[in-house]
Amino acid sequence: EKGGWDSYMDKEIHEEPLAVSDTLLGRFSVDGDLNLDEVRIDEDVFRSIDKIVVIACGSASYAGLVAKYAIEHWVRIPVEIELAHEFRYRDPILTPRTLVVAISQSGETMDTLMALRHAREQGSRVLAICNTQGSTIPRESDAVLYTHAGPEIAVASTKAFVAQIVAAYLLGLYLAQVKGTMYRDEIRQIVDNLKAMPEKIQWVLDNQADVIAQTADRMAKAHSFLFLGRHVGYPVAMEGALKLKEIAYTFSEGFAAGELKHGPIALVDEGEPVVVIVPSPRGRDVLHNKVISSIEEVKARGAFTIAVAEVGDPDVEHYADVIFWRPECSTLLSPLTDVVPLQLFAMDMAKLKHYDIDKPRNLAKSVTVE
Ligand code: F6R
């Protein structure tokens, strides 16, 4: 049932183009308006939403953090991300105008479920972004947007993660539509760009697997990895680090590139592998240039630098020892392609070590205890 793949994880990474296109499918009416799956919330209530609080754990929380950048930009309301287990045990500020978004692949994560119940007790509306039809989290929510990634068997989340980003983006565009914070044409443009992402993910799968596998070979003995990113590249860095911890049992940490000089650069020593998510070079804007200088800084201290960068980036080649390329796309959509080489890299590292890729030690697919 692995369809010829070595592992479910391998199969599921290769299903990402489909997970993205299926999550986009059937969301639009003939006039181009966006629809949610199950909504027990009035459009007027959506219009009145003045804050979003995302509750989730692990990878799902990183998908939420990616979406924060997009939704704040599109809808102009604050988006907070909170780990569900932290949210639950403090006194969060929620009002009837707060939309709580629970993101969960399984729909059964106890931490997220408890946080959801807590939010509803405070009178907030909860919208679930979930991959499992009929599971507890969507059943207890006021509205649901399903990710159509298909069943995810491998413990490490891959295709569900990209589908979560797509669904959260659709929610953002839906809010922009009902609140009128964007022109219809702008929304359509972004939807069209989203529809082009499966092909771009496919390009990465078809063209970068070899360099990724060779890099894993070279790095097989590394004891730790640092992952750096800015803006949406920051949660992607954390997700890349999480994959490596989970299945290759390798210590790795993802952090915001701007934090380097506030501490983490002290970790950089001769040969330390540092993976850097480089934003699009178009216009060589501040974001791009700052990340390029972060590569320079760690390189100057002896780091072995691995960059994830856009094809044709004229600067990255001067500083990176290895580059995983991705096709051109807007910064906000780039996490959908940039996470792919990091997933493959973690998988290749785990393969080299002969670890059980689909069932890493100490972990369960769905964490049904608090
Ligand atoms: C990472 C991973 C976990 C889950 C987290 C939430 O690869 O699988 O971090 O993302 O346990 O699980 P769900 O999405 O089922 O609530």
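With an unreviewed UniProt entry as reference, the protein chain is termed Glutamine--fructose-6-phosphate aminotransferase [isomerizing], source organism Bifidobacterium psychraerophilum. What UniProt states about the protein chain under its Subcellular location (unreviewed entry) heading is, verbatim, "Cytoplasm". Regarding the protein chain, the UniProt comment filed under Subunit (unreviewed entry) reads as follows: "Homodimer."

Enquirer: Even after reading the chapter, I still don't get the packing of aromatic side chains, so can you show me in this structure?
Expert: Pairs of aromatic rings are described using the distance from one ring centre to the other and the angle between the two planes. Considering all chains together, one arrives at six aromatic pairs under this definition. With a centroid separation of 5.1 Å and an interplanar angle of 85°, the aromatic rings of F46 and Y174 are classed as edge-to-face. Residue F46 is located in helix α3 (residues 43–48), and its partner Y174 is located in helix α8 (residues 159–179); the two are separated by 128 residues in the primary sequence. Overall, the relative accessible area of 1% leaves F46 in the buried class. With a centroid separation of 6.5 Å and an interplanar angle of 40°, the aromatic rings of F225 and F227 are classed as tilted. Comparing F225 with F227 shows no difference in burial state: the two are buried. These aromatic residues form a ring-pair network of at least three members: F225, F227, F324 and F345. Lying across the ring of Y89, R88 places its NZ or CZ 4.9 Å from the centre. The ring of Y249 carries the charged tip of R361 above its face, separated from the ring centre by 3.9 Å.

What counts as what
Residues numbered from 1 in each chain as written. Predicted model: local features only at pLDDT ≥ 70, side-chain atom pairs only at ≥ 80, totals over all residues. Heavy atoms only, no water. UniProt positions renumbered as here; feature names shortened; annotations may be inferred. Phe/Tyr/Trp six-rings, centres within 6.5 Å; stacked < 30°, edge-to-face > 60°. Helix = DSSP H or I, 4+ residues; strand = E, 2+ residues; numbered from the N terminus. Buried < 20%, exposed > 50% of the residue type's maximum accessible area, 1.4 Å probe, protein only. Lys NZ or Arg CZ within 6 Å of the ring centre and 35° of its normal.

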